[in-house]
Amino acid sequence: MIAVVQRVNSSWVEVDGKIVGKIGRGINILLGVVKGDTDEDIDKLVKKIPYLRIFEDENGKMNLSLVDIGGEALVISQFTLAGNVKKGRRPSFDDAEEPEKAKQMYQKFVERLSETVPVQTGIFAAHMKVFIENDGPVTFIIDSRKL
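Summarised in this report is the structure supplied together with it. Note that this is a predicted model, so its numbers are computed, not measured.

A word on the side chain of D41
The topology assignment puts D41 in helix 1 (residues 39–48). Buried charge D41 goes without a salt bridge, the closest partner of opposite sign being R145 at 4.5 Å. Within the local environment of D41, its side chain forms a polar contact with the side chain of S144, the two groups lying 2.6 Å apart. With residues near it in sequence (within four places) discarded, D41 still touches M1, G36, S144 and R145.

Shown next as structure tokens:
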């Protein structure tokens, strides 16, 4: 699994002109499911992401986690994170998990993360407009296979 984690002041997602998920201070997570991902990949990300010390403390140092600040997460499915641009100019999505399994994995990730922090989501496989007010910007790319 690949997660792009962004520290935000606020973030929301619209589908067909309607807001379907919205958060205040917290993190925006773009989540891509890669072929071969398992529950172990979900576990690795859920144990890492909400505890990353990426929020500033009273001294201006990144020393606090999402859990520490009582923040929220907005999780957006993003199959293009599994895209490969090595050959040619058109990305290949051969490494992206099949839609039905990817949806199950995405939903399981959301369920597990919501046991730790409040979570909002987009709609899987929908055309979404994602609005992100970065705080920093502070952005991390996390590959579960490298944890």
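Past the structure itself, the notes keep going.
Quick word on the pattern of salt bridges
Following the criterion strictly, the structure yields 8 salt bridges and no others. As a salt-bridge pair, R7 and D135 come within 3.3 Å of each other at their nearest N and O atoms. Here R7 is found in strand 1 (residues 2–15), whereas its partner D135 is found in strand 8 (residues 129–143), with 128 residues between them in sequence. Judged by relative accessible area, D135 falls into the partly exposed class, the value being 21%. Across the pair E40 and K44 runs a salt bridge, and its minimum N-O distance is 3.8 Å. Within this pair, E40 and its partner K44 are both found in helix 1, separated by 4 residues, close to a single helical turn.

Side note on helix 3 (residues 99–113)
The end-to-end C-alpha distance of helix 3, which contains 15 residues, comes to 21 Å, matching closely the 21 Å that a straight helix rising 1.5 Å per residue would cover. Restricting attention to buried positions, one finds in helix 3 the residues A102, M105, Y106, F109, V110 and L113. In an axial view of helix 3, the angular spread of the buried residues amounts to 135°, which keeps them on one side of the axis. What points out from helix 3, more than 90 degrees from its buried face, is the exposed set E100 and E111.

Notes on the nonpolar core
Formed by 27 residues in total, the largest nonpolar core has its most connected members in I27, I29, L31, I49, V75 and F109. Sorting the residues of this core by element identifies strand 1, strand 3 (26–32), helix 1, strand 6 (72–77), helix 3 and strand 8 as the ones contributing at least two each. No other element matches the 6 residues that helix 3 contributes to this core. Setting aside residues up to four positions removed in sequence, I29 forms contacts with A3, V4, V5, I49, A73, L74, V75, I76, F109 and L113. Counting residues in hydrophobic clusters, the runner-up holds 9 residues, among them V4, I23, L74 and M128.

As for the environment of I141
Checked against the element boundaries, I141 lands in strand 8. Taking the C-alpha atoms as reference points, I141 and Q6, separated by 135 residues in sequence, lie 8.9 Å from one another. Contacts of I141, omitting those with residues within four sequence positions, involve I2, A3 and V4.

Some remarks on the environment of L52
The topology assignment puts L52 in the loop between helix 1 and strand 4 (55–56). Along the primary structure L52 and V67 are separated by 15 residues, whereas in three dimensions their C-alpha atoms are 8.9 Å apart. If near-sequence neighbours (up to four positions away) are discounted, L52 is found in contact with L64, S65, L66 and I142.

Criteria and cut-off values
- Position labels on residues start from 1 in each chain and follow its written sequence.
- Confidence filtering applies because this is a predicted model: local features only for residues at pLDDT of at least 70, side-chain atom pairs given and counted only at 80 or more, and all residues used for totals across whole chains, interfaces and linings.
- Heavy atoms throughout the structure, all of them, feed into the side-chain values; hydrogens and water do not.
- Helix and strand assignments follow DSSP, with helices taken as H or I runs no shorter than four residues and strands as E runs no shorter than two, numbered in order from the N terminus.
- Any residue under 20% of the maximum accessible area for its type is buried, any over 50% is exposed, and the rest in between are partly exposed; the area is computed with a 1.4 Å probe on protein chains only.
- Residues counted as positive are Lys and Arg, residues counted as negative are Asp and Glu, and His and the chain ends are not counted.
- Here, a salt bridge means any Lys or Arg side-chain nitrogen found within 4 Å of an Asp or Glu carboxyl oxygen.
- Here a polar contact is recorded for every N or O atom pair within 3.5 Å, except that within protein the pair must consist of a potential hydrogen donor and a potential acceptor, and residues adjacent in sequence are included only if both atoms are side-chain atoms.
- Whether two residues are in contact is decided by their heavy atoms, any of which lying within 4.5 Å being enough.
- The span expected for a helix works out to 1.5 Å for each residue beyond the first.
- To obtain the arc, one takes the directions from the helix axis to the C-beta atoms.
- What is meant by a nonpolar core is a set of buried Ala, Val, Leu, Ile, Met, Phe, Trp, Tyr and Cys residues, joined one to another through side-chain atoms within 4.5 Å.

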